[in-house]
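In case you want the letters, here they are:
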Amino acid sequence: MKRRESRYNGVLIVNKPQDFTSFDVVAKLRGILHERRIGHGGTLDPMATGVLPVFVGGATKAADMAAAQAKEYVAGFALGHATDTQDSTGTETAHSDKRAALSDVQAAVDAMCGEQMQLPPMYSAVKVDGKRLYDLARKGVEVERTPRPITVHEAELLSFDEQAQAGRLRFVCSKGTYVRTLIHDLGEGLGTYAVMTALQRTMSGRYTLEQSHTLEEIQRAADADEIEGLMLPTDSLFAAYPAVSIDDYGYERAQNGAFITPQHVTDMPMQAGTLCRVYYQGEFWMLGRVDRLDRGGLALFYEKRFR
């Protein structure tokens, strides 16, 4: 059976409310938009709020690429106790009366940047032997986990109250980073414990909190048939890549997954490995990659199609 053509194609930047899972947001939008082809670009914990890019229609093919981009977070933290979930929603498992000075916290945060290995928390969606860790954790089962490589691009202490032993942090980090685990590790580095008390994603790739919309705003726009006014085009995800255009012959070759030589590409960069936004007749059609031909010279190769 032929799939129904999507009414909408593009990206909705949702300001995810607290106590919603990312899947809850997708399910809600399927009802609001009457569209099944919807996916999100990076999971947020239920306690978290903020930027959740949601991809609709043909744009769903870009969701995995959005999930792979760096994210920015602002997080609250408190020192002196630990929980089974590494955040304030969990059950306390340890307590310490040791107090940290502002200078010590600042030095510890400054040391958090760079490539590192992170052990996924038990309360996470990571799978071990086909089972979600959080499902095992809820049964009281703890299993051996394999540390995974992450990168903390930026770590900033926004505030710290020595009396309350609590503060706020900003992180820019790679895909798969658990901010609550960063905070847990911060506590260990200070010789005490730490939990995350709040989390807001303020940026996902190029998408910012200022571009986001609440579910209530999206519902009102749908009721007024004004959803297109909130939706960003799919190519907004790739705005950092150079734009090229292909002619009719190039379009035919691209449809068959064949490379396209420079004479059929307008403004093609002449550097191997460059990813490009590819347009045909003014419409974004695919991502292409400039690469070398076996016989020498450069050409544009098919990378991923969005139409």
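Everything numeric in this text was worked out from a predicted model, so none of it was measured.

## Some words on the overall build of the protein chain
In step 1: Scanning the protein chain from N- to C-terminus turns up seven helices and 18 strands.
In step 2: Over its C-alpha atoms, taken along the principal directions, the protein chain stretches across nearly 70 × 50 × 40 Å.
In step 3: Scored against the burial criterion, the 307 residues of the protein chain give a buried share of 47%.
In step 4: The long-range share in the protein chain, meaning contacts at least 24 apart out of those at least 6 apart in sequence, stands at 66%.
In step 5: Counting only carbon and sulfur atoms, one obtains 47% of the accessible surface of the protein chain, whose full area is about 15600 Å².

## A short note on helix H1 (residues 22-33)
In step 1: The end-to-end C-alpha distance of H1 is 16 Å, a good match for the 16 Å that 12 residues give at a rise of 1.5 Å each.
In step 2: Looking only at H1, the buried set comprises Ser 22, Val 25, Val 26, Leu 29, Ile 32 and Leu 33. The buried side chains of H1 occupy one side of the element, clustering within an arc of 125 degrees when seen end-on.
In step 3: In the core, the buried residues of H1 are packed alongside strand E1 (10-16), strand E2 (38-40), strand E3 (49-56) and helix H6 (215-223).
In step 4: Positive backbone phi, approximately 55 degrees, marks His 34, located one or two places after H1.

## Quick look at the pairing of strand E12 (residues 194-204)
In step 1: When E3 meets E12, the two strands line up parallel, connected through two bridges. Bridge pairing in E12 links Gly 50 to Arg 201.
In step 2: One ladder, built from nine bridges, connects strand E4 (residues 71-79) with E12; its direction is antiparallel. Pairing of Gly 76 across the sheet is with Ala 198, part of E12.
In step 3: Relative to strand E13 (residues 207-208), E12 is paired through two bridges, and the arrangement is antiparallel.

## Comments concerning H6
In step 1: For H6, every residue scored as buried is listed here: Leu 215, Ile 218 and Ala 221. Buried residues of H6, seen end-on, are gathered within an arc of 120 degrees and therefore sit on one face of the element. Residues Glu 216, Arg 220 and Asp 223 are exposed on H6 and point more than 90 degrees away from its buried face.
In step 2: Just beyond H6, the residue with positive phi is Asp 225, at close to 55 degrees.

## Focus on the side chain of Ser 212
In step 1: Inspection of the secondary structure assignment puts Ser 212 in the loop between E13 and H6.
In step 2: There is a polar contact of 2.6 Å between the side chain of Ser 212 and the backbone oxygen of Leu 209.
In step 3: Discounting residues that sit within four places of it in the chain, Ser 212 has contacts with Ile 13, Val 14, Asn 15 and Glu 217.

## Concerning the sheet that holds strand E18 (residues 298-305)
In step 1: Ordered by their spatial adjacency, five strands build an open sheet running E15-E14-E16-E17-E18, and the pairing between neighbours is mixed. Since the sheet does not close on itself, it has two edges, and those belong to strand E15 (265-266) and E18, each with one partner.
In step 2: Pairing of strand E14 (residues 243-246) with strand E16 (residues 275-280) involves three bridges; the strand directions are parallel. Among the inter-strand pairings, Ala 243 is bridged to a residue of E16, identified as Arg 277.

Rules of the game
Residues numbered from 1 in each chain as written. Predicted model: local features only at pLDDT ≥ 70, side-chain atom pairs only at ≥ 80, totals over all residues. Heavy atoms only, no water. Helix = DSSP H or I, 4+ residues; strand = E, 2+ residues; numbered from the N terminus. Buried < 20%, exposed > 50% of the residue type's maximum accessible area, 1.4 Å probe, protein only. Contact = heavy atoms within 4.5 Å. Areas by Shrake-Rupley, 256 points an atom, 1.4 Å probe, with all protein chains shown as cover. Expected span 1.5 Å × (residues − 1). Arc of directions from axis to C-beta. Pairing = 2+ DSSP bridges. Polar contact = N/O pair within 3.5 Å; in protein donor to acceptor, adjacent residues only side chain to side chain.

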